[in-house]
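Coordinates in review
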Amino acid sequence: MKVVIQSHAAAAVDVVVAMVARELHRNPYAVLGLATGRTMDPVYAGLVALYREGMLDFSNCRTFNLDEYAGLHRDNPHSYHAYMKRHLFDAVNLRPHYTHLPDGTAADLAAECLRYEQLISRLGGIDLQLLGIGLNGHIGFNEPPCDLASRTHVEELSPETMRQNTPLFSGPDQVPHHAITMGMGTILESGRCLLLATGIEKAEIVAGMIEGPVSNDLPATALQTHLDCTVILDQPAAARLRQTVAARDFWTEVKASPAPGRSF
Ligand code: GLP
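As a starting point, this report considers the structure included with it.

All right, on to unusual backbone geometry then. Of the consecutive residues Pro 144 and Pro 145, the connecting peptide bond is found in the cis state with omega at -10°. Along the polypeptide, Pro 145 turns up in the loop between strand E6 (128-131) and strand E7 (153-156).

Now the structure itself:
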């Protein structure tokens, strides 16, 4: 696991945007794994800005999102599909049929999970997977305690996650109880993982993810076992790391080398 610490959130976002852009430059046919959440908003804004400047072409790449709420139609403004359309899909030249999210309204959700899993395999797997982290250490919607080898499945959301997501809905009773999520096993098969965490409220869980033992009580710790995982943090999110590293600007290194940061 490599950890990149930037002094503020905007600089951490710039690193993620640069790394995704470089992946697409290197391989215009890349399969990108995408994440949702407030942390990701500025990442997509950055990618859209590069596209508008003519610096990025999404026409040949394919995307798979980590998760989708069960029971929400893709046109529901709270669905992750709608989120992706707002933040990325409608703003760049991604081909709609090259973008994939689980269908949370499928009549047979188990069959839908299998279909999603098989589609990822058929397209050769995910080259670069973007990740955020939930306050309880969930990745996608893999809630603790979780099976660290799981495949795409239906997950019951924890009360904490539902509380975290309530501000995004019109009321607590509107927050879905279940979601389809790629499993930790699915995520760990991605060629490369990039996890972004910003803000002091993520500091405790980030320290556990990086420095704690691998445990199904903190799903994100499974990323320690991935051969090519980079965690990008702002200074507040890095505040609880025991092996404290002074904030450094890795911008130059990120542009120059594929693996900036320190290794654990
Ligand atoms: C949701 C998503 C996760 C995301 C998490 C964090 O639970 N399913 O993929 O990492 O939110 O969201 P935020 O970035 O808003 O803190």
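What follows deals with the site of the ligand. What surrounds the ligand is a group of 13 residues, the closest being Arg 38, Thr 39, Asp 67, His 138 and Lys 202. Between Asp 67 and the ligand, the recorded distance is 2.8 Å, taken from a side-chain N or O atom to a nitrogen atom. Isolated, the ligand exposes 390 Å² of accessible area, and the fraction of that covered by the protein chains is 96%. Looking at side-chain class alone, the shell around the ligand contains three nonpolar, seven polar and three charged residues.

Another point: the environment of Leu 195. As for its position among the elements, Leu 195 is in strand E9 (residues 192-197). Residues Leu 195 and Leu 223, 28 residues apart in the sequence, show an inter-C-alpha distance of 9.4 Å. Leave out the neighbours within four places in its chain, and Leu 195 touches Leu 131, Gly 132, Ile 133, Ile 139, Met 209, Leu 223, Thr 230, Val 231 and Ile 232.

Summarising burial for helix H7 (residues 203-211): eight of the nine residues are buried, a large majority. Along H7, the positions that sit buried rather than exposed are Ala 203, Ile 205, Val 206, Ala 207, Gly 208, Met 209, Ile 210 and Glu 211. Looking at the packing, one finds that the buried side of H7 touches strand E1 (2-6), E9 and strand E10 (229-234).

Relative to the elements of secondary structure, Gln 6 occurs in strand E1. Look at Gln 6 and you get buried, because its relative accessible area is 2%.

We now examine the pattern of salt bridges. Inspection of the entire model under this criterion finds seven salt bridges. Its salt-bridge partner being Glu 117, residue Arg 151 comes within 2.8 Å of it at the nearest N-O pair. In this pair, Arg 151 sits in the loop between E6 and E7 while Glu 117 sits in helix H4 (residues 109-122), placing the two residues 34 residues apart along the sequence. On the basis of relative accessible area, Arg 151 is assigned to the partly exposed category, the value being 32%. Connected via shared salt-bridge partners are Glu 117, Arg 151 and Glu 189.

For any pair of aromatic rings, the description consists of the separation of the ring centres together with the inter-plane angle of the planes. Applying the stated rule across the entire model yields seven aromatic pairs. Measuring from centroid to centroid gives 5.5 Å for Tyr 69 and Phe 141, while their planes differ by 45°, and the two rings are tilted. Here Phe 141 lies in the loop between E6 and E7 and Tyr 69 lies in strand E4 (residues 67-69), a separation of 72 residues in the sequence. Accessibility assignment for this pair places Tyr 69 and Phe 141 in one class, buried.

What follows covers the nonpolar core. With 79 residues, the main nonpolar core has Leu 88, Met 209 and Leu 233 as its most contacted residues. Ranked by residue count, the leading element in this core is helix H1 (residues 9-26), at nine residues. Dropping the residues within four chain positions of it, Met 209 is found in contact with Met 1, Ile 133, Leu 195, Leu 218, Ala 220, Thr 221, Leu 223, Gln 224 and Val 231.

About the cut-offs
Residues numbered from 1 in each chain as written. Predicted model: local features only at pLDDT ≥ 70, side-chain atom pairs only at ≥ 80, totals over all residues. Heavy atoms only, no water. Helix = DSSP H or I, 4+ residues; strand = E, 2+ residues; numbered from the N terminus. Near = heavy atom within 4 Å. Polar contact = N/O pair within 3.5 Å; in protein donor to acceptor, adjacent residues only side chain to side chain. Areas by Shrake-Rupley, 256 points an atom, 1.4 Å probe, with all protein chains shown as cover. Nonpolar A, V, L, I, M, F, W, Y, C, P; charged D, E, K, R; others polar. Contact = heavy atoms within 4.5 Å. Buried < 20%, exposed > 50% of the residue type's maximum accessible area, 1.4 Å probe, protein only. Salt bridge = Lys/Arg side-chain N within 4 Å of Asp/Glu carboxyl O. Phe/Tyr/Trp six-rings, centres within 6.5 Å; stacked < 30°, edge-to-face > 60°. Core = buried A, V, L, I, M, F, W, Y, C linked by side-chain atoms within 4.5 Å.

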